[in-house]
Amino acid sequence: MNVKVRLHQNIAILGSTGSIGTQTLEVIASYPDRFTAAYLTVNNNIPLLLRQVERFRPKGVVVLDPAAAETVRSRCGPEVEVLTGPEGLSDVVRRTEVDTVVSALVGFAGLRPTVDAITAGKRIALANKETLVVAGSVMMPLAERHNVRLLPVDSEHSAIFQCLTGEPAGSVTRIILTASGGPFRSLSANELRTVTVEQALKHPNWSMGSKITIDSATLMNKGLEVIEAHWLFGMPAERIDVVVHPQSIIHSMVEFADGSVKAQLGVPDMTIPIQYALTYPDRFPTPTRRVDFPSLREMTFFSPDTERFPCLRLAYDALRAGGTMPAVLNAANEVAVARFLAGAVPFTQIPVLIETAMDRHVLRENPTLEDIVEADGWTRDILSTF
Ligand code: NDP
Ligand code: MG
């Protein structure tokens, strides 16, 4: 599959005000001769968007909320096009001047514009893992049909991608995803019942958006990444393992037929995998800290505990079940995490809600995109009564 390498890339960032979006803009700012932020999109963080517009002077922006868009229009003047709603997202990712789309919305909302960007043949830097979780069976053939390579931004998948470079197809025996274990790695099942939102939002190694931070605390993030790895690298569930590695220095590993294991290491800093997705197959210098092995002293590894963290088991179950089940897993997780963040349910209720939805779902094999959208809606409906 071809990856178009252009000397200069015009980039549309879906979710420019998020954790990945703002770090993507840092990368763009450090190579202004190679990258231009052509379009920025946000949900409703207008103050930050206005600062980004002032600094990066994009051709256009998309603001999800039409009322908020009016403020942007009046502040930015005619030289910045202001679009609104999901239609605005679908519109900008197709623009002919856009070379690369950084897919960094959070959750199911990222699916449609990513489909549109692939259909338009754009280079995709994929951070929104939910897209592949819910619709991998549709997205991978779609990307192949449009000769589009999905370049992973997620640090684990970037690590695997880097380990696979130059290796013969069919030589991989196992993918080993590393997990930090999150802030509650050492808590007992009983202690997990009373953890607060504030505690769950304190990730030990990474600073990320609130949804993925909660996913990291439940280990659902790793479960979603298992499904993401399945689609990106064509590996069955039984050949994708998870190992807890609290230092987050090894970002993931690949085991080959001869017993060799390759690992990709680096300090936990998302600008590295973001930049690699933008520069691939090149590597450009970054100012990031380097791994200092003597001061690191130790790297430790543990098996994940799916009794205390059932979300990881549920994700494997959904992957093995296939069809629309991963879409149900994802939607139920989005609902459950939003409820936990709103203080409406305890932390330990998150897997209970997900399992409830999965138990009730009659899955559809070989789903179309419409079936997936329907399964997502079905899940949100059914959980509204719990
Ligand atoms: P954030 O919550 O920090 O940012 C989300 C972005 O999407 C914001 O710009 C937000 O706008 C916008 N947005 C949210 N909801 C909608 C919507 N319904 N429609 C349009 N725009 C919306 O998320 P992250 O950057 O942490 O994560 C983004 C994706 O990348 C997720 O899928 C996550 O799993 C994945 N990822 C993130 C990593 C990280 O380090 N953060 C690492 C690996 C993967 P606004 O600011 O206006 O609300
Ligand atoms: Mg990750």
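Within each chain, residue numbers correspond to sequence positions counted from 1 in written order. Going through the entries in the order they are written, you letter the chains from A and number the ligands from 1. Local features in a predicted model are, by the rule used here, given only for residues with pLDDT of at least 70; side-chain atom pairs are given and counted only at 80 or more, and totals for whole chains, interfaces and linings are based on all residues. Hydrogens and waters are ignored; side-chain quantities use all the structure's heavy atoms.

1. Section: the coordination of the magnesium ion (ligand 2)
Stated precisely, the cut-off is as follows: We call an atom a donor if it is N, O or S and sits within 2.8 Å of the metal, or 3.2 Å for Na, K and Ca. Water is not counted, so some sites may look partial. Helix and strand assignments come from DSSP, with helices taken as H or I runs of at least 4 residues and strands as E runs of at least 2, each series counted from the N terminus. For every residue, the accessible area (1.4 Å probe, protein chains only) is compared with the maximum for its type, and the residue is labelled buried under 20%, exposed over 50%, or partly exposed between those bounds.
The magnesium ion (ligand 2) binds to the protein through Asp154 (OD), Glu156 (OE) and Glu225 (OE), with metal-donor distances spanning 2.1 to 2.2 Å. All donors of the magnesium ion (ligand 2) belong to a single chain; written as a sequence motif, their spacing is D-x1-E-x68-E. One end of the pair, Asp154, is in the loop between strand E7 (150-152) and helix H7 (155-164); the other, Glu225, is in helix H11 (residues 220-233), with 71 residues separating them in the sequence. In this structure Glu225 comes out as buried when scored by relative accessible area, which is 0%.

2. Notes on the sheet that holds strand E8 (residues 172-179)
Just so we agree on the cut-off: Any two strands with at least two DSSP-identified bridges between them are counted as paired. The axes are straight lines fitted to the C-alpha atoms, using for helices just the contacting stretch, and the angles between their N-to-C directions are given from 0 to 180°.
Here four strands make up an open sheet; going across it, the order is E9-E8-E10-E11 and the pairing mixed. Every other strand in the sheet has two partners, leaving strand E9 (240-244) and strand E11 (261-265) as the edge strands with one partner each. On average, each strand axis in the sheet is tilted by 20° relative to the strand beside it, whichever way the strands run. Here five bridges tie E8 to strand E10 (residues 250-256), and the two strands are oriented antiparallel to one another.

3. With respect to the layout of surface pockets
Definition in use: Cavities and pockets are found on a 1 Å grid laid over the protein atoms alone: a cavity is a set of points where a 1.4 Å probe fits but cannot escape, a pocket is an open set with protein on both sides within 12 Å along at least five of seven lines, and a lining residue has an atom within 4 Å of such a point. Grid points are joined across faces, edges and corners, and a volume is the space filled by probe spheres set on the points. Side-chain classes follow a simple rule in which Ala, Val, Leu, Ile, Met, Phe, Trp, Tyr, Cys and Pro form the nonpolar group, Asp, Glu, Lys and Arg form the charged group, and the remainder, Gly included, forms the polar group. Segmentation into domains, and thus their bounds, comes from an automatic or database assignment.
Taken as a whole, the second largest pocket spans an internal volume of roughly 410 Å³. What lines the second largest pocket is a set of 19 residues, among which Met140, Arg149, Phe161, Leu232 and Phe233 lie closest to the centre. Elements with a contribution of two residues or more to the lining of the second largest pocket: helix H6 (129-145), E7, H7, E8 and H11. Of the residues in the lining of the second largest pocket, the class split is 15 nonpolar, two polar and two charged. Two domains each donate at least three residues to the lining of the second largest pocket, and these are domain 1 (9-152) and domain 2 (157-266 + 288-309).

4. Points about the domain arrangement of the chain
Rules: Residues are treated as being in contact if the distance between any of their heavy atoms lies within 4.5 Å. Buried area adds together the accessible area that both of two parts lose upon being put together, with accessible area traced by a 1.4 Å probe.
Examined at the domain level, the chain breaks down into domain 1 (9-152), domain 2 (157-266 + 288-309) and domain 3 (322-386). Here the C-alpha centre of domain 2 lies 27 Å away from the C-alpha centre of domain 1. Facing 13 residues of domain 1, the contacting portion of domain 2 comprises 15 residues. Buried surface at the junction of domain 1 and domain 2, both sides included, amounts to about 1,300 Å², of which 72% is carbon and sulfur. On the domain 1 side of the contact with domain 2, Lys129, Val133 and Pro152 bury the most area, a combined 46% of that side's loss.

5. A look at the packing of aromatic side chains
Just so we agree on the cut-off: Note on aromatic contacts: the rings of Phe and Tyr and the six-membered ring of Trp form a pair at centre separations within 6.5 Å, being stacked when their planes are under 30 degrees apart, edge-to-face when over 60 apart, and tilted otherwise.
Under the defined criterion, the tally for this structure stands at six aromatic pairs. Seen from their ring centres, Tyr276 and Tyr280 are 5.7 Å apart, and the 80° between their planes marks the pair as edge-to-face. Taken together through their ring pairs, the aromatic side chains of Phe161, Tyr276 and Tyr280 make up a single cluster.

6. Considerations on the site of ligand 1
Using the following cut-off: A molecule or strand has a residue near it when one of that residue's heavy atoms lies within 4 Å. Throughout this description, a polar contact denotes any pair of N or O atoms lying within 3.5 Å of each other; where both atoms belong to protein, one of them has to be capable of donating a hydrogen while the other can accept it, and for residues adjacent in sequence the pair is counted only when both atoms sit in side chains. Areas reported as accessible are Shrake-Rupley estimates using a 1.4 Å probe. Residue values count occlusion only from the protein chains shown.
Around ligand 1, the surrounding shell holds 24 residues, and the nearest of these are Thr17, Asn44, Asn45, Glu130 and Gly209. At 3.3 Å, a backbone N or O of Gly15 approaches an oxygen atom of ligand 1. In the environment of ligand 1, an oxygen atom lies 3.4 Å from a nitrogen or oxygen atom belonging to the backbone of Ala127. About the coverage of ligand 1: the protein hides 87% of its 900 Å² of free accessible area. Listing elements by their share of the shell around ligand 1, those giving two or more residues are helix H1 (19-30) and H6. Class assignment for the residues of the shell around ligand 1 results in 11 nonpolar, 10 polar and three charged. Two domains each donate at least three residues to the shell around ligand 1, and these are domain 1 (9-152) and domain 2 (157-266 + 288-309).

7. Looking at H11
Going by this rule: Helix span is expected to be 1.5 Å times the residue number reduced by one.
Given a rise of 1.5 Å per residue, 14 residues ought to cover 20 Å, and the 20 Å separating the end C-alpha atoms of H11 matches this to within 8%. Counting buried positions along H11 gives 13 out of 14 residues, so the element sits mostly inside the fold. Residue Gly234 follows H11 closely and has a positive phi angle near 60°.

8. Observations concerning the side chain of Asp154
Using a relative accessible area of 8% as the deciding quantity, one classes Asp154 as buried. Side chain to side chain, Asp154 and Lys129 meet in a polar contact 2.9 Å long.

9. Description of the sheet that holds E7
With parallel pairing, seven strands are arranged side by side in an open sheet as E4-E3-E2-E1-E5-E6-E7. Either end of the sheet is taken by a strand with one partner, and the two such strands are strand E4 (81-84) and E7. The sheet shows a mean angle of 25° between the axes of neighbouring strands, taken without regard to direction. Pairing geometry for strand E1 (residues 9-14) and strand E2 (residues 35-42), over six bridges, is parallel. When the sheet's bridge partners are listed, Ile11 is paired in E2 with Ala37. Each of strand E3 (60-63) and E4 is contacted by helix H3 (residues 66-76), which is oriented at about 175° to E4, the strand it contacts most.

10. Considerations on unusual backbone geometry
Pro281 follows Tyr280 through a cis peptide bond whose omega is 5°. Position of Pro281 among the secondary structure elements: in the loop between helix H12 (271-279) and helix H13 (293-296). Of note in this structure, Asn147 is not a glycine but carries a positive phi near 55°. Positionally, Asn147 belongs in the loop between H6 and E7. Although it is not a glycine, Arg297 sits at a positive phi angle of roughly 65°. Topologically, Arg297 is positioned in the loop between H13 and helix H14 (310-321).

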